[in-house]
Amino acid sequence: MSVYPRFLFLIVLLIGSGLDQPRAVAVAQTPSAASINGFVRDAETGETLLLANVFLPDLDMGTATNTRGYYTSTGLPPGRHEVRVSYLGFETRRLVVELAAGEALRLDVDLEPEGLLAAEVVVEAARESEQEERRLGSARMNTALIRQLPTILEADVFRSLQLLPGVKAASDYSSGLYVRGGSPDQTLILLDRTTVYNPTHFFGFFSTFNPDAIKDVRLYKGAYPARFGGRIGSVVDIYNKDGDRTKTRGTATLGLLASRAMIEGPHGRGSWMLAIRRSTLEPLLAAARSGDVDGIPDRFYFFDANGKVNMDIGSNDFLSVSFYAGQDILRLPISTDFDVRLRYGNRTVSAGWAHVFSERLFGDMAVTASSYFSVPEFLAADTFSERDNQVRDYSLRYDLQYVASPRREIRTGLWAGAFSFRLADTFDSRRVLTLSENASYGSAYVEERRSLGLLWTLTSGLHASWFGRGDYLRLEPRLALERKVAPNLFAQLGAGRYHQFLTLVTNEAFSGLDVWLTSSSGVPPAWGDQVVAGLKWTPSTAYRFEAEVYYRSMEDLFQLDPFLPDVAGLDYSEFFHFGDGYAVGSEYLLQKERGALTGFVSYTFGVTRRRFENLDGNRFFPPKYDRTHDVNITTMYDLTPKWRLTSVFAWATGQAYTEPASRWQLSNSPLTREGLDVLESPFNAARLPAYHRLDAGATRRGRLAGADFELQIQLINVYGRRNIWFYSFDFEDDGAVDRSVVPQIPIPVPNISFTMRF
């Protein structure tokens with residue numbers, strides 16, 4: 001019997017429970033109550049501002065704009081009221097409105113940006129009225145700061161997120177996000193509400209997201225709300241810029257590794273934006289080849305493009321279409337008779353329609369398509385081999401936001417789609433493996449935020465997920481509670497259950513070979529519970545302190561069994577080994593947001609463990625990315641009106657690795673005629689030395705030929721720390737083990753970029 005009737009019944013039940021109650025509340029409200037609603041925008045560009053704050057001080061009531069920049073505040077008594085609208089980096093605007101009984105006032109607000117020297121911070125401030133900003137386990141990254149921080153050759157969204165507490169980096173060469181003990185596949189990556197499956201360039205060196213094209217970056221590190229699902233760890237929610245609605249503008253940046261350009265402007269009923277980026281490595285590679293340097297590619301480049309078009313159909317209907325396309329191309333001769341070629345990349349498209357039904361009800365629909373492909377090819381003498389890896393994901397989602405009263409808000413929505421992957425291996429022009437899966441999936445949620453008096457806020461929700469391969473239906477309750485201890489101090493507690501139907505077979509050295517696999521019959525989805533508690537304190541407008549503790553379990557983890565010699569002839573469920581794990585830790589953030597000197601200090605204490613029945617005697621072990629201690633210190637100092645200095649210092653416990661403890665020889669092995677040396681040792685029981693690095697930079701602003709310019713000079717690894725990437729072990733003829741060091745970035749690396757804005 002098909003699961004669809006069961007799933008549709010659950011959808012109706014969830015949506016019904018979410019919308020029936022608000023109607024009852026609305027009827028019970030005072031008929032004379034008034035309301036205000038509208039959009040908050042940047043006065044210079046017309047861009048909507050996400051999570052801008054709208055506060056009525058005389059009523060001690062506030063709200064925030066949603067991901068479309070729309071807000072609504074209901075249940076207001078008739079009369080004269082002050083409205084304060086604020087957004088970090090913009091001048092606070094104060095307006096006085098006169099509300100008649102029962103009036104629904106449309107109040108669109110434009111905010112003026114602060115001057116160039118205004119403080120730019122990583123995480124948006126969490127003031128008393130900013131309930132969404134205070135959400136437990138969440139953080140927002142300021143895109144202006146992403147472009148300012150010292151970075152390895154190219155400004156990068158994910159490397160900036162790695163500076164936040166609870167987010168760890170695997171190495172200097174990886175932009176992957178390891179959040180609260182989770183692997184990268186446990187983090188859902190969304191771009192304009194579209195899933196991105198491999199968000200990397202340059203072998204994983206940095207992420208695919210062009211900072212010039214990004215409007216908003218929000219990270220949910222744990223206990224995330226019911227509107228999200230599909231991963232047991234965390235969520236990164238990214239939105240492209242809409243485009244300037246007032247005039248045509250552009251930026252162009254020339255850098256050592258990559259150059260980028262962005263242009264945006266208005267059209268008759270909306271705006272548009274186009275951003276492109278391409279590597280500029282060819283001169284460097286040509287010089288290295290002419291110097292007879294080994295291992296230099298014959299061909300290597302990457303490119304990406306982001307675009308978005310917005311159109312206002314009327315005052316209550318808004319359409320948008322956005323896309324992303326990126327690709328890496330590599331041709332690398334290993335020897336005279338061995339050649340490697342690779343193509344991999346992502347494509348996404350999203351079409352959205354937002355509709356204001358009334359001052360209380362807002363709807364947002366999106367149709368999305370996402371694809372990831374990876375095609376490595378190997379030519380050894382006359383033998384050709386290839387792996388064709390394709391992922392496709394098509395989805396439809398619809399979300400409703402209903403403001404039932406000043407103290408109560410309901411969100412509900414659906415997300416349904418079709419996921420497929422195909423993996424085909426060819427050796428010597430013969431197909432040796434073909435693996436494909438097609439799965440329908442769906443989810444529905446209802447989420448309520450309710451103020452319980454003046455001191456307590458309760459957010460509860462239920463997320464239901466269904467996956468067609470294996471007919472899995474799972475329910476996920478979510479709960480968050482906030483207590484206002486003092487006007488500037490909040491205590492928070494959150495918990496939730498989460499499921500995941502996908503797993504990633506990853507290459508630690510090179511992300512272009514990553515392969516996604518799914519749950520199926522005999523391969524149940526992974527799941528886990530999370531519990532988080534925290535304090536958020538803002539003693540003044542200049543300082544902010546956050547502390548959170550967390551625990552998360554990981555059950556039914558499924559990974560490709562590394563001990564399988566060959567998967568040919570095996571059932572799909574036999575490809576995997578199964579395990580469990582946990583992560584526990586605490587995080588601290590101290591931030592200074594105002595003045596000539598700004599920045600933050602973050603510290604994380606974290607422990608994460610995994611266990612698989614056929615690995616290391618089914619004992620818990622630390623994965624490679626386990627870090628007990630992690631410290632990041634980021635500073636920005638405005639030396640003069642034209643010069644800004646920046647620095648980033650990182651220190652972390654060394655990563656876990658397996659140290660050879662014993663050795664024996666395998667005789668009569670079918671793999672070799674002479675016997676095989678085998679290492680035996682506790683898995684990941686040793687630690688590399690501690691990691692630490694200092695990066696510094698300077699930015700010069702000015703005007704040239706009638707346009708604003710920005711010159712950035714940076715030095716990565718200032719004092720030349722030789723952090724260890726991994727050890728390589730070889731046997732000597734006398735039986736001794738020779739250990740050699742493979743370093744991360746071993747020397748100071750300069751970086752320079754020049755940006756023009758016109």
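Look up a bit, the structure's there.
Since we're looking at a predicted model, the values are computed, not measured.

Caption draft 1: The arrangement of the overall build of the protein in detail. Secondary structure assignment for the protein yields four helices and 47 strands. In the protein, the share of contacts with a sequence separation of at least 24, taken over all contacts with a separation of at least 6, comes to 64%. As presented, the protein carries roughly 30800 Å² of accessible surface, and 59% of it is formed by carbon and sulfur atoms.

Caption draft 2: Local environment of the pairing of strand β26 (residues 408–427). Where burial is concerned, most of β26 is hidden: 15 out of the 20 residues are buried. In this structure, strand β25 (residues 383–405) lies alongside β26, joined through 20 bridges in antiparallel fashion. Pairing of aspartate 399 across the sheet is with glycine 413, part of β26. Relative to strand β27 (residues 430–452), β26 runs antiparallel, the two being bridged by 20 bridges. Bridge pairing in β27 places serine 420 opposite asparagine 438. Between β26 and β27, which pair antiparallel and follow one another directly, the connecting turn spans two residues, one of which, aspartate 428, has a positive phi of 55°.

Caption draft 3: View of the pattern of salt bridges. A full pass over the atoms with the stated rule returns 48 salt bridges. Two residues, glutamate 447 and arginine 227, come together in a salt bridge whose shortest N-O distance is 2.7 Å. Of this pair, glutamate 447 sits in strand β27 while arginine 227 sits in the loop between β16 (214–220) and β17 (234–240), and the two are 220 residues apart along the sequence. Arginine 227 gets classed as buried once you look at its relative accessible area, which sits at 11%. The partner of arginine 497 in a salt bridge is aspartate 529, with the nearest N and O atoms 2.7 Å apart. One end of the pair, arginine 497, is in strand β30 (residues 489–500); the other, aspartate 529, is in strand β33 (residues 526–537), with 32 residues separating them in the sequence. A relative accessible area of 26% means that aspartate 529 is categorised as partly exposed. Residues participating in the shared-partner salt-bridge network are Glu47, Asp192, Lys215, Asp242 and Lys308.

Caption draft 4: Representation of the sheet that holds β17 in the model. Across the sheet, which stays open at both edges, the five strands sit in the order β9-β16-β17-β12-β13 with mixed pairing between neighbours. At either end of the open sheet lies a strand with only one pairing partner, and these are β9 (138–141) and β13 (194–195). In this structure, strand β12 (residues 187–191) lies alongside β13, joined through two bridges in antiparallel fashion. What sits directly across from leucine 190, in β13, is threonine 195.

Caption draft 5: Broad picture of the side chain of arginine 627. Its place among the elements puts arginine 627 in the loop between β36 (597–612) and β37 (629–638). If near-sequence neighbours (up to four positions away) are discounted, arginine 627 is found in contact with Lys168, Ala169, Ala170, Gly606, Ala652, Thr653 and Gln655.

Caption draft 6: View of a negative patch on the surface. Where like charges cluster on the molecular surface, the negative patch consists of Glu44, Glu91, Asp110 and Glu112. Within the element layout of this structure, aspartate 110 appears in strand β8 (residues 109–111). In this structure aspartate 110 comes out as partly exposed when scored by relative accessible area, which is 38%.

Caption draft 7: Highlighting unusual backbone geometry. In this structure, aspartate 192 is a non-glycine residue whose phi angle is positive, near 50°. On the secondary structure map, aspartate 192 appears in the loop between β12 and β13. Taking relative accessible area as the criterion, aspartate 192 reaches 5% and is therefore assigned buried. A positive phi is found at asparagine 717, a non-glycine position, where the angle reads about 60°. Within the secondary structure, asparagine 717 is located in the loop between β44 (707–716) and β45 (724–731). Taking the relative accessible area as the measure of exposure, asparagine 717 reaches 0% and is therefore buried.

Rules used throughout
- Residues numbered from 1 in each chain as written.
- Predicted model: local features only at pLDDT ≥ 70, side-chain atom pairs only at ≥ 80, totals over all residues.
- Heavy atoms only, no water.
- Helix = DSSP H or I, 4+ residues; strand = E, 2+ residues; numbered from the N terminus.
- Contact = heavy atoms within 4.5 Å.
- Areas by Shrake-Rupley, 256 points an atom, 1.4 Å probe, with all protein chains shown as cover.
- Buried < 20%, exposed > 50% of the residue type's maximum accessible area, 1.4 Å probe, protein only.
- Pairing = 2+ DSSP bridges.
- Salt bridge = Lys/Arg side-chain N within 4 Å of Asp/Glu carboxyl O.
- Patch = residues over 30% accessible without salt bridge, like charges linked within 9 Å, V, L, I, M, F, W, Y side chains within 5 Å.
- Lys, Arg positive; Asp, Glu negative; His and termini not counted.
- Charge placed at Lys NZ, Arg CZ, Asp CG, Glu CD.

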